[in-house]
Amino acid sequence: MSDLLGRLRRGYGKKLRALHTWNGWIVVILALTGLVLVGGFWRGFLGEGRVWIKGLHIVVGIASILPVIYYLLLASKHWKQLKEKPWQRFNVLVVLFLLLGWFVSGVLLWQFRMVGPQVSNLALAVHDVLTWIGLPYIIYHSLTRVKWLKEPNRRTIKSEGSAITTSQNTPQLVYTRRAFIRGTIGVGLALTIGPSFVKWLGSSIGNIGGSETIDKLIENDRNQLLPAPQPLAASSPPLGGGSQGQFRVYTVTPIPKFTNNNWSFKLDGLVDQSFTWNWEQFVQLQRTVQVSDFHCVTGWSVYKNTWEGIKLKDLLQLAGVKSTAKTVKFYSGDGVYTDTLTLEQADMDDVMVAVMHDGKPIPNDLGGPVRLIVPKMFAYKSVKWLNRIELIEGEHTGYWEQRGYSNDAWV
Ligand SMILES: Nc1nc2c(c(=O)[nH]1)N[C@H]1C(S)=C(S)[C@@H](COP(=O)(O)O)O[C@H]1N2
Ligand SMILES: [Mo]
């Protein structure tokens with residue numbers, strides 16, 4: 001009888017430890033993939049890989065609930081075991097809270113289409129804040145455990161009894177190897193995510209403190225285009241009362257900057273008359289003002305943007321679309337990014353070739369001097385640094401659509 005109990009106990013200790021190891025690996029994978037996804041630093045050269053990393057992050061994230069459920073089945077016994085160790089009880093609660101919080105907010109983000117932008121914005125904020133407090137906590141936890149592992153009697157999860165005898169001749173080896181593995185993971189983590197982590201941490205703190213605002217991006221604007229466009233009355237003060245929320249600066253290339261000398265705007269392809277405007281000519285074109293929300297598929301939105309620019313349909317009318325044309329193709333001045341709309345979509349009243357945001361020129365970080373705005377679609381359609389519109393006969397698959405995003409981008 002007591003033998004059986006002992007075996008169960010041993011089994012339990014092993015299970016808990018295996019669980020802990022699995023959980024540790026899952027957190028490492030999620031942390032690495034998550035930080036790479038969120039770190040603007042990596043966006044530029046990941047390209048296509050980003051979609052795969054996102055897939056991996058989601059799959060592993062969903063799987064991460066399994067060890068939690070498994071733990072909860074064993075929890076009452078572990079909890080009793082920790083009776084005299086309030087700090088370790090606290091640790092268990094913190095870790096459970098983090099894992100469940102990440103899981104729930106992660107599932108909502110994954111299902112952003114179903115839950116809508118309001119919920120997914122909240123979920124993204126929660127996911128971020130949990131990472132912001134959770135990752136340092138977990139890194140600290142694993143670093144201190146490396147020391148603990150060298151002192152087996154301080155371990156919480158003991159395999160009571162025979163484990164000590166069996167491991168007696170090799171404990172040094174076992175623990176050193178573990179410490180080594182953990183150390184390696186630690187160094188690997190630091191090297192891979194270090195740069196994006198620091199950057200992201202900075203911007204997260206900025207976002208929470210509200211200091212990394214559009215004003216700051218405007219201040220850092222590296223475009224030099226003269227004359228500055230004069231805002232219409234509806235733009236200044238902005239009709240929408242000023243945008244709410246913050247843009248995350250996205251790019252798949254180094255961020256371009258423009259001057260009067262290297263900037264022009266082309267409208268060509270299957271049109272009756274093609275155009276090439278320089279900046280002085282471009283700011284003469286008739287602009288209008290609209291207020292609209294801006295939604296990124298990754299879960300964030302900026303509400304009530306007052307955009308001023310030229311309606312796409314006005315531009316198309318000016319050039320005269322040939323009857324053979326089927327698709328409107330947009331080119332970014334970054335030389336890489338493209339996207340498309342069908343002629344029917346391009347005819348929507350609120351699709352705009354935008355020049356100003358909230359009454360000010362769009363800074364180059366946010367796609368200025370000219371970016372596309374398609375309010376009814378997710379923002380990957382809103383090509384930054386727009387400098388060419390071509391009417392084409394066939395179809396074209398845009399940058400993110402080539403990498404797995406749906407060509408149907410309706411919000
Ligand atoms: N040229 C270019 N345009 C782009 C992108 C990009 O990486 N390059 N990202 C798209 C995506 S996914 C989003 S959410 C918005 C982000 O705009 P922002 O960087 O001004 O916040 O730009 C869209 N247009
Ligand atoms: Mo996006």
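A few points on the structure. (Residues numbered from 1 in each chain as written. Chains lettered and ligands numbered in written order. Predicted model: local features only at pLDDT ≥ 70, side-chain atom pairs only at ≥ 80, totals over all residues. Heavy atoms only, no water.)

Along its length, the protein chain carries 13 helices and 10 strands. Within the protein chain, the fraction of its 411 residues that count as buried is 46%. Total accessible area on the protein chain is roughly 21200 Å²; 63% of this is exposed by carbon and sulfur atoms. (Helix = DSSP H or I, 4+ residues; strand = E, 2+ residues; numbered from the N terminus. Buried < 20%, exposed > 50% of the residue type's maximum accessible area, 1.4 Å probe, protein only. Areas by Shrake-Rupley, 256 points an atom, 1.4 Å probe, with all protein chains shown as cover.)

Bringing the nonpolar core into the picture now. By size, the foremost hydrophobic cluster in this structure holds 63 residues, and its most contacted members are Phe-282, Val-353 and Ile-389. The element that contributes the greatest number of residues to this core is strand S7 (residues 352–357), accounting for 5 residues. Setting aside residues no more than four positions away along its own chain, Val-353 makes contact with Phe-265, Phe-282, Gly-309, Ile-310, Leu-312, Leu-315, Val-370, Arg-371, Leu-372, Leu-386 and Ile-389. Among the nonpolar cores identified, the runner-up in size contains 20 residues, and Leu-74, Ala-75, Val-95 and Leu-98 belong to it. (Core = buried A, V, L, I, M, F, W, Y, C linked by side-chain atoms within 4.5 Å. Contact = heavy atoms within 4.5 Å.)

On inspection of all chains with the given rule, the structure shows 11 salt bridges. For Lys-381, the salt bridge goes to Glu-401, with nearest N and O atoms at 3.1 Å. Highlighted residues: Lys-381 in the loop between strand S9 (371–373) and strand S10 (386–392) and Glu-401 in helix H13 (residues 399–402), separated in sequence by 20 residues. Just as Lys-381 is buried, Glu-401 falls in that class too. (Salt bridge = Lys/Arg side-chain N within 4 Å of Asp/Glu carboxyl O.)

Neighbouring residues of ligand 1: 20 residues in total, closest Arg-248, Tyr-250, Arg-371, Ser-382 and Lys-384. Here Ser-332 contributes a side-chain N or O atom positioned 3.2 Å from a nitrogen atom of ligand 1. Protein burial of ligand 1: of its 530 Å² of free accessible surface, 100% is covered by the chains. Most atoms of ligand 1, that is more than half of them, are within 2 Å of grid points of the largest cavity. Along the lines of polarity and charge, the residues of the shell around ligand 1 split into 13 nonpolar, 3 polar and 4 charged. (Near = heavy atom within 4 Å. Polar contact = N/O pair within 3.5 Å; in protein donor to acceptor, adjacent residues only side chain to side chain. 1 Å grid on protein atoms, 1.4 Å probe; cavity = no way out; pocket = protein on both sides within 12 Å on 5 of 7 lines; lining within 4 Å. Sits in = over half its atoms within 2 Å of the grid points. Nonpolar A, V, L, I, M, F, W, Y, C, P; charged D, E, K, R; others polar.)

As a further point, take the environment of Leu-312. Note that Leu-312 resides in helix H11 (residues 312–319). In this view, Leu-312 contacts Phe-330, Leu-341, Ala-346, Val-351, Met-352, Val-353 and Ile-389; residues no more than four positions away in its chain are not counted.

Each full turn of the α-helix corresponds to 3.6 residues, which orients residues three or four apart in the same direction. End to end, helix H3 (residues 49–63) covers 21 Å across 15 residues, agreeing with the expected 21 Å (1.5 Å per residue, within 8%). Among the residues making up H3, those that are buried are Arg-50, His-57, Val-60 and Gly-61. The buried residues of H3 occupy an angular sector of 105 degrees when the element is viewed end-on, so they sit on one face. Of the exposed residues in H3, those oriented more than 90 degrees away from the buried face are Trp-52 and Val-59. (Expected span 1.5 Å × (residues − 1). Arc of directions from axis to C-beta.)

Note on backbone geometry: most residues besides glycine have negative phi, and most peptide bonds are trans. With omega at 0 degrees, the peptide bond leading from Leu-226 into Pro-227 counts as cis. In this chain, Ser-236 is followed by Pro-237 through a cis amide linkage whose omega measures 0 degrees. Topologically, Pro-237 is positioned in the loop between helix H9 (214–219) and strand S1 (265–269). A positive phi is found at Lys-304, a non-glycine position, where the angle reads about 55 degrees. We classify Lys-304 as partly exposed; its relative accessible area is 40%. The phi dihedral of Asp-358 falls on the positive side, at around 50 degrees, and the residue is not glycine. Tracing the sequence through the fold places Asp-358 in the loop between S7 and strand S8 (360–361).

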